[in-house]
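Chain by chain, the residues:
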Amino acid sequence: MRFLLLMLSFCLTLPAQAEGFISRLLHKPVPGGVAVVDLGQAASAPSASYQGKPLLVIHEDGQRWIAIVGLPLSTAPGLQQVEVNGQQPLSFQVGSRQYAEQRITIKNQQQVNPNAANLERIERELAEQTRAYRQFSARQPSNLLFDKPVNGPLSSPFGLRRFFNGEERNPHSGLDFAANRGTPIKAPAAGRVILIGDYFFNGKTVFVDHGQGLISMFCHLSEIGVQVGDELPRGGVLGKVGATGRATGPHLHWNLSLNDARIDPAIFIGAFKP
Ligand SMILES: [Zn+2]
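Residues numbered from 1 in each chain as written. Predicted model: local features only at pLDDT ≥ 70, side-chain atom pairs only at ≥ 80, totals over all residues. Heavy atoms only, no water.

Draft legend 1. Main features of the environment of Pro 274. By the secondary structure assignment, Pro 274 is in the segment after strand E20 (261–263). Exposure remark for Pro 274: the relative accessible area of 89% places this residue in the exposed category. Considering only alpha carbons, one finds Pro 274 and Arg 97, 177 residues apart in sequence, at a separation of 7.1 Å. (Helix = DSSP H or I, 4+ residues; strand = E, 2+ residues; numbered from the N terminus. Buried < 20%, exposed > 50% of the residue type's maximum accessible area, 1.4 Å probe, protein only.)

So, in structure tokens, the structure goes:
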């Protein structure tokens, strides 16, 4: 009997996988991926958090509540936990994923080994961008199957381990699209512009808050076409493709962040490759 109770409580802490369209589209539980956790049926939305950060919670197919959890690249494979309404945590399993290496030659040595003044600037800009990623607005994302922000082939995938002039630096935190300078960049879902800047590494940059911690960053723009506070409809143009900041040529770099974890944007456009 005790064994049965133990088994039962074990099963209760491992949530059933939700079966709806969004769950099937987004559930890629690997480092840099997304876990969809079934929160069950309730009259109102449960509040859920992961590592102290509030989570995106939606009502799938008008039936069950699901939490959509962003998993940082640094996540260790194994069991992870979501807190729900301050009750017993729900566990979910994270698998592993191999990321390839990329070697890039940069002519501007300052962009590989910046001097003290540039390091100070980089640190200040990083803090500003981290604050933007940590914003959490109550709005529901307009759509979770995102549109591609530009028409162009994917060039560099998310998560590549990168070596600049032979020296290892941070892994690739977003997805690159090959596109000509001046190509319009469109919001993949509706959102509010929460930050714009002209940064050392990212160049001309726009942050768009899609709601509940789901935040896009678009980098290396030749031109920014919006201001902080602007509301963008799905498909609204926010700027043009360029090569500002640390870029070897014109392309769009798109970061997608969920609960302050940078995740593979390919998941949200249905282009994820395990
Ligand atoms: Zn990139």
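Draft legend 2. Representation of the coordination of the zinc ion in the model. Only His 172 (NE2), Asp 176 (OD), Asp 176 (OD) and His 253 (ND1) from the protein reach the zinc ion as donors, at distances of 2.0 to 2.8 Å. One chain supplies every donor for the zinc ion, spaced along it as H-x3-D-x76-H. Placement of Asp 176 in strand E11 (residues 175–178) and of His 253 in strand E19 (residues 251–258) is noted, with a sequence separation of 77 residues between them. The buried category is assigned to Asp 176, whose relative accessible area is 9%. Of the residues examined, His 253 reaches a relative accessible area of 7% and is grouped as buried. (Donors = N, O, S within 2.8 Å, 3.2 Å for Na, K, Ca; no water.)

Draft legend 3. Region of the structure containing unusual backbone geometry. Even without glycine at this site, Asp 61 takes up a positive phi of about 50°. Position of Asp 61 relative to the elements: it lies in the loop between strand E4 (56–60) and strand E5 (64–70).

Draft legend 4. Seen up close, the environment of Gly 249. Inspection of the secondary structure assignment puts Gly 249 in the loop between strand E18 (237–240) and E19. Between the C-alpha atom of Gly 249 and that of Thr 130, which follows or precedes it by 119 residues, the distance is 26 Å. Those residues in contact with Gly 249, other than ones at most four positions away along the chain, are Gly 242 and Ala 243. (Contact = heavy atoms within 4.5 Å.)

Draft legend 5. Inspection of the domain arrangement of the protein chain at higher detail. We note that the domain assignment places domain 1 (2–94) and domain 2 (101–269) within the protein chain. On a C-alpha basis, the centroid separation for the pair domain 1 and domain 2 is 28 Å. Across the boundary between the two partners, domain 1 contributes 21 residues, which contact 20 residues of domain 2. Carbon and sulfur atoms make up 74% of the surface buried where domain 1 meets domain 2, a total of about 1,600 Å² over both sides. Three residues stand out in domain 1 for area buried against domain 2, namely Lys 53, Leu 56 and Leu 73, and they jointly supply 31% of the buried area on that side. Inspection of the domain 1/domain 2 interface yields one salt bridge. (Domains from an automatic or database assignment. Buried area = accessible area lost by both parts, 1.4 Å probe. Salt bridge = Lys/Arg side-chain N within 4 Å of Asp/Glu carboxyl O.)

Draft legend 6. Spatial organisation of the side chain of Thr 183. Among the structural elements, Thr 183 can be located in the loop between E11 and strand E12 (184–186). There is a polar contact of 2.6 Å between the side chain of Thr 183 and the backbone oxygen of Asn 180. With near-sequence residues (within four places) excluded, Thr 183 lies in contact with Val 150, Gly 239, Lys 240 and Val 241. (Polar contact = N/O pair within 3.5 Å; in protein donor to acceptor, adjacent residues only side chain to side chain.)

Draft legend 7. Spotlight on the pairing of strand E13 (residues 191–199). Looking at chain direction, E13 and strand E17 (residues 231–232) are connected through two bridges and run antiparallel. Following the sheet pairing, Gly 191 is matched in E17 by Leu 232. Pairing between E13 and strand E14 (residues 203–211): seven bridges, direction antiparallel. The residue bridging Asp 198 from the neighbouring strand is Lys 204, located in E14. In sequence, E13 turns back onto E14 through a hairpin of three residues. (Pairing = 2+ DSSP bridges.)

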